[in-house]
Amino acid sequence: MTRIIAVTSQKGGVGKTTTAINLAASLARLGHKILIVDCDPQGGAGSHGSLKSSAGHGMIQILRRECEPSDTITPLFDDKVFGCVIGSKTPADLIYFESRAADGGLPPLIKALAPGFDYLVIDAPVGSSTTIKAILEVADEMLLTVNCKAATVKTLPDFIRLAQWLRTEVNPRLKLAGIAVTMYRDDDHSEKKILDHFRAKLPRGLFLETIIPFDPNLEMASIRSVPALMVSSARETARRYLDMAVEIKQREGELENGAALDLGDLIAEEISERHPEEGRPDDDSDRTNFRNRRTEDILASMCDQANLIGAVIADRTGLPLAIHNLKGGSADTIAAMAPELGKTLEKAAVYMDQPKANNISIDLDSGDRLVLRTFSIDTTRFFLVGLCPQTIDPAGEMVLAATRLTEELA
Ligand SMILES: Nc1ncnc2c1ncn2[C@@H]1O[C@H](COP(=O)(O)OP(=O)(O)O)[C@@H](O)[C@H]1O
Ligand SMILES: [Mg+2]
């Protein structure tokens, strides 16, 4: 029997897709054959790498009877991990997909994809929608991904209420595989407090023991479209994902025996209480979060106007906080030089403290160069790094972008 695990989250950007891909790769290492099903039109597993190429054939085409389920299954890695995508991102097609989820077309389709696989790992859309209802109707287990940010804590009660409702009204078989904490920074005071709060307020068993740390190398893995297991610098985190797969398998034993982790009403009420970070005047966790639409727009417009190949916002250790448009070879270049970049930035910061020394340019090879510019939010310094051909001068656009970023986030 195929087990269907839906990887879910109430918020975007909490590591859901990364978890789906790495959990699939880890289950494969444990000897299983996996199909990753990307049901999330917004940056789901299908926007990563080789799955993209199968975009012509996906669930929409099966629903329209234009192809068979087997035509949509693409090998991804290890001969054991395969993928299947929605099949189109046009608004009309996505509305059609949503309407088929509403009229009951999606559950039989998901079941039709299952034969031959030990696990279907579904990258589900965020929040509540008819699509998530349809997915959880056929799922055996739901894995909920969260990060330890204030904004995520606030969304948990809604999601738990949704799961409770689904259990009662739609799928009484649905079990909670666990709540997975991802992107955890143990050196961050506010994240540590939130994790302690989770542990104090919620039954211990709801959370997976395995915690996925914040690891910038995962960003690099996702740019290269591979799981952490295939990136040597991300080996530590790959091991954690392997632990997570083992833990989920162990818990499946318990789940089979009916020891379903219960999502009592109490839980939703308890976590909706004020959490410890609320109202903290010095809580700047969201202010310097560069992964948002405005930041993306600023980077995109800078790259467009100055003909940049791509751009990165990094902190002074070289940790990439936002990346725009670095694909293929250039992503590899940045990945390879990330640790070097950190050292360079640290040195550059010293020079850039001098008046009028705001731009530094580093030649990568005879064709391309990196141009650096600093900006500060409150007292923290960040770097804007542009990758461009030697022949262009992006300084003006970079000044503009740095100013806009400061205004936006200050
Ligand atoms: N543990 C982690 N450490 C650092 N970055 C991460 C981690 N997990 C995911 N990321 C990065 O965070 C971003 C959002 O992750 P993603 O898995 O796409 O989230 P979601 O699917 O919930 O929107 C991606 O750029 C991804 O590479
Ligand atoms: Mg995603």
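Here the structure is shown first, and the text comes after it.
Summary of the structure given here. None of these values were measured; they are calculated from a predicted model.

What about the site of ligand 1?
Moving on, step 1. The environment of ligand 1 is formed by 16 residues, the closest being Gly 13, Thr 17, Thr 18, Asp 215 and Glu 219.
Moving on, step 2. Contact between ligand 1 and Gly 15: an oxygen atom at 3.1 Å from a main-chain N or O atom of the residue.
Moving on, step 3. Thr 18 is positioned such that a nitrogen or oxygen atom in its side chain is 2.5 Å from an oxygen atom of ligand 1.
Moving on, step 4. Contributions of two or more residues to the shell around ligand 1 are made by α1 (16–29) and α8 (216–223).
Moving on, step 5. Per-class residue counts for the shell around ligand 1 are six nonpolar, six polar and four charged.

Let's talk about the sheet that holds strand β2 (residues 34–38)
Moving on, step 1. If you walk across this open sheet you meet the seven strands as β3-β4-β2-β5-β1-β6-β7, and the pairing is mixed. The open sheet terminates on both sides in strands that have one partner only, identified here as β3 (74–77) and β7 (175–181). Between one strand axis and the next, the sheet turns by 25 degrees as a mean value, whatever way the strands run.
Moving on, step 2. Bridging between strand β1 (residues 3–8) and strand β5 (residues 119–123) involves five bridges; their strand directions are parallel. Paired with Ile 5 across the strands is Val 121, a residue of β5.
Moving on, step 3. Here α1 sits on the sheet in contact with β1, β2, β3, β4 (81–84), β5 and β6 (141–146), set at roughly 165 degrees to β5.
Moving on, step 4. Here helix α6 (residues 150–169) sits on the sheet in contact with β1 and β6, set at roughly 170 degrees to β6.

Brief notes about the pattern of salt bridges
Moving on, step 1. Tallied over the full model, the rule gives twelve salt bridges.
Moving on, step 2. Each member of the salt-bridge network shares a partner with another, and the members are Arg 3, Glu 141 and Glu 252.

Here we look at unusual backbone geometry
Moving on, step 1. Non-glycine residue Arg 65 carries a positive phi angle of around 60 degrees.
Moving on, step 2. Here Arg 65 is to be found in the loop between α2 (59–63) and β3.
Moving on, step 3. Classification of Arg 65 as exposed rests on a relative accessible area of 77%.
Moving on, step 4. Although it is not a glycine, Asn 307 sits at a positive phi angle of roughly 55 degrees.

Side note on the packing of helix α3 (residues 91–102) against helix α5 (residues 130–138)
Moving on, step 1. Running from N to C, α3 and α5 cross one another at 50 degrees; their axes reach a closest spacing of 8 Å. The angle between α3 and α5 falls in the class oblique. For the element pair α3 and α5, the recorded crossing hand is left-handed. Taken together, the residues of α5 that come into contact with α3 (itself represented by Phe 97, Glu 98, Ala 101 and Ala 102) are Thr 130, Thr 131 and Ala 134.
Moving on, step 2. Among the residues forming the contact of α3 with α5, the class breakdown is four nonpolar, two polar and one charged.

Definitions and limits used
- Residues numbered from 1 in each chain as written.
- Chains lettered and ligands numbered in written order.
- Predicted model: local features only at pLDDT ≥ 70, side-chain atom pairs only at ≥ 80, totals over all residues.
- Heavy atoms only, no water.
- Near = heavy atom within 4 Å.
- Polar contact = N/O pair within 3.5 Å; in protein donor to acceptor, adjacent residues only side chain to side chain.
- Helix = DSSP H or I, 4+ residues; strand = E, 2+ residues; numbered from the N terminus.
- Nonpolar A, V, L, I, M, F, W, Y, C, P; charged D, E, K, R; others polar.
- Pairing = 2+ DSSP bridges.
- Axes fitted to C-alpha atoms, helices over the stretch in contact; angles between N-to-C directions.
- Contact = heavy atoms within 4.5 Å.
- Salt bridge = Lys/Arg side-chain N within 4 Å of Asp/Glu carboxyl O.
- Buried < 20%, exposed > 50% of the residue type's maximum accessible area, 1.4 Å probe, protein only.
- Parallel < 35°, antiparallel > 145°, perpendicular 65-115°, else oblique.
- Left-handed = near helix turned anticlockwise from the far one by under 90°.

By themselves, these figures tell us nothing about what the structure is for.
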